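# Descriptive analysis of the structure
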Amino acid sequence: MTRYAELQAVSNFSFLRGASHPGELVAGANVLGMAAVGICDRNSLAGVVRAWSAMNELNEGGSKIRALTGCRLDFADGSPSLLVYPSDREAYGRLTRLLTVGQLREKKGACELRWTDFLDHSEGQLALVVPPDHLDERFERDLVRIGGELSGSVWLAAARRYGPRDVKRLSQLSALAERSGAPMVAVNDVLYHGPERRMLQDVLTCIRETCTIQEAGLRLQANAERHLKSPEEMARL
């Protein structure tokens with residue numbers, strides 16, 4: 001049996017980006033036969049508690065799904081975003097303190113983080129670097145630097161989005177992973193638990209971008225593939 005854990009999923013606690021509740025993501029992952037799903041909301045751990053509650057309820061009924069405690073960190077200084085998973089209770093405490101540092105710099109509901117903030121709280125954190133849409137020399141320099149600073153605790157996230165340049169992009173990411181010492185890891189960059197939520201996600205995008213569906217254009221996702229997929233489908237991809 002193919003085993004797969006989804007390590008890049010956002011919930012509706014990533015405001016106006018995720019289109020599923022944390023419990024829906026956990027339940028969806030369970031139905032698909034995943035080993036685990038990581039809820040990584042943006043600069044927030046708000047969805048983690050509900051994900052854990054859904055996991056416990058399912059496992060009381062005989063399931064074996066795991067809800068992993070994660071967080072996506074977006075930085076104000078232009079550093080690449082990270083998917084961060086604390087490896088123990090102490091690391092979780094450092095992650096919550098890091099988020100508090102960022103929240104104290106902004107108005108309620110916002111969080112401003114800098115790379116030096118993360119380095120001060122990075123002990124015990126497992127980090128996946130999220131590549132930008134356009135791979136350039138700056139990202140390669142950043143990835144090499146991060147690979148050195150977080151040696152042994154950093155990976156490069158790679159997703160297929162059913163785009164015309166997927167194979168070329170994955171080849172570039174593979175080469176970057178080798179040069180930087182950050183092994184490549186498969187993710188699906190999930191925005192909702194099932195394809196039927198794509199329409200809601202489009203509406204959320206329009207609210208975030210303050211435009212209509214007719215005006216949104218390329219700001220909308222190109223397809224309805226940003227949903228959870230079975231281990232077998234992920235292995236095929």
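A few points on the structure. Remember, it's a predicted structure, so these values are computed and weren't measured experimentally.

## Remarks on the pattern of salt bridges
Counting across every chain of the model gives 17 salt bridges. A salt bridge links Glu209 to Arg208, with the shortest nitrogen-to-oxygen separation between them at 3.7 Å. Classification of Glu209 by relative accessible area gives partly exposed; the value is 30%. Assessed through its relative accessible area of 27%, Arg208 is described here as partly exposed. Residues participating in the shared-partner salt-bridge network are Asp133, Arg161, Asp189 and Arg226.

## Describing the sheet that holds strand β6 (residues 125-129)
Judged by pairing direction, the sheet is mixed, and its 5 strands sit side by side in the order β4-β5-β6-β7-β8 without closing on themselves. Strands with a single pairing partner mark the edges of an open sheet, and in this sheet they are β4 (71-73) and β8 (184-186). Neighbour to neighbour, the strand axes of the sheet diverge by 35° on average, direction disregarded. Here β4 pairs with strand β5 (residues 82-86) via 3 bridges, running antiparallel. Looking at the pairing, Cys71 lines up with Val84 of β5. Lying on the sheet, helix α6 (residues 166-180) is in contact with β7 (154-158) and β8; it crosses β7 at an angle near 175°.

## Quick notes on helix α5 (residues 137-149)
Because each turn of an α-helix spans 3.6 residues, side chains separated by three or four positions end up pointing in the same direction. With 13 residues, α5 should reach 18 Å at 1.5 Å per residue; the first-to-last C-alpha distance of 18 Å fits that figure. Within the span of α5, buried status applies to Phe139, Asp142, Leu143, Ile146 and Gly147. Along the long axis of α5, the arc covered by the buried residues comes to 135°, so they all point the same way. Residues of α5 that are exposed and point over 90 degrees away from its buried face: Glu137, Arg141 and Gly148. At the N-terminal end of α5, a side-chain oxygen is found 3.3 Å from the backbone nitrogen of Arg138, two or three residues along, and the residue is Asp136.

## Brief notes about the environment of Tyr4
Note on placement: Tyr4 falls in the segment before β1 (5-9). Looking at Tyr4, the relative accessible area reads 10%, which means it is buried. Sequence-distant contacts of Tyr4, that is, excluding residues within four places in its chain, are made with Met34, Ala35, Ala36, Ala186, Val187, Asn188, Pro231 and Met234.

## Things to note about the sheet that holds β1
In space, the 3 strands of this open sheet follow the order β1-β2-β3, with parallel pairing throughout. Each having just a single partner strand, β1 and β3 (66-69) make up the two edges of the open sheet. Strand after strand, the sheet turns through a mean of 25° between neighbouring axes, direction not considered. Across the sheet, helix α2 (residues 48-60) touches β2 (36-39) and β3, and the angle it forms with β3 is around 160°.

About the criteria used
- Residues numbered from 1 in each chain as written.
- Predicted model: local features only at pLDDT ≥ 70, side-chain atom pairs only at ≥ 80, totals over all residues.
- Heavy atoms only, no water.
- Salt bridge = Lys/Arg side-chain N within 4 Å of Asp/Glu carboxyl O.
- Buried < 20%, exposed > 50% of the residue type's maximum accessible area, 1.4 Å probe, protein only.
- Pairing = 2+ DSSP bridges.
- Helix = DSSP H or I, 4+ residues; strand = E, 2+ residues; numbered from the N terminus.
- Axes fitted to C-alpha atoms, helices over the stretch in contact; angles between N-to-C directions.
- Contact = heavy atoms within 4.5 Å.
- Expected span 1.5 Å × (residues − 1).
- Arc of directions from axis to C-beta.
- Polar contact = N/O pair within 3.5 Å; in protein donor to acceptor, adjacent residues only side chain to side chain.

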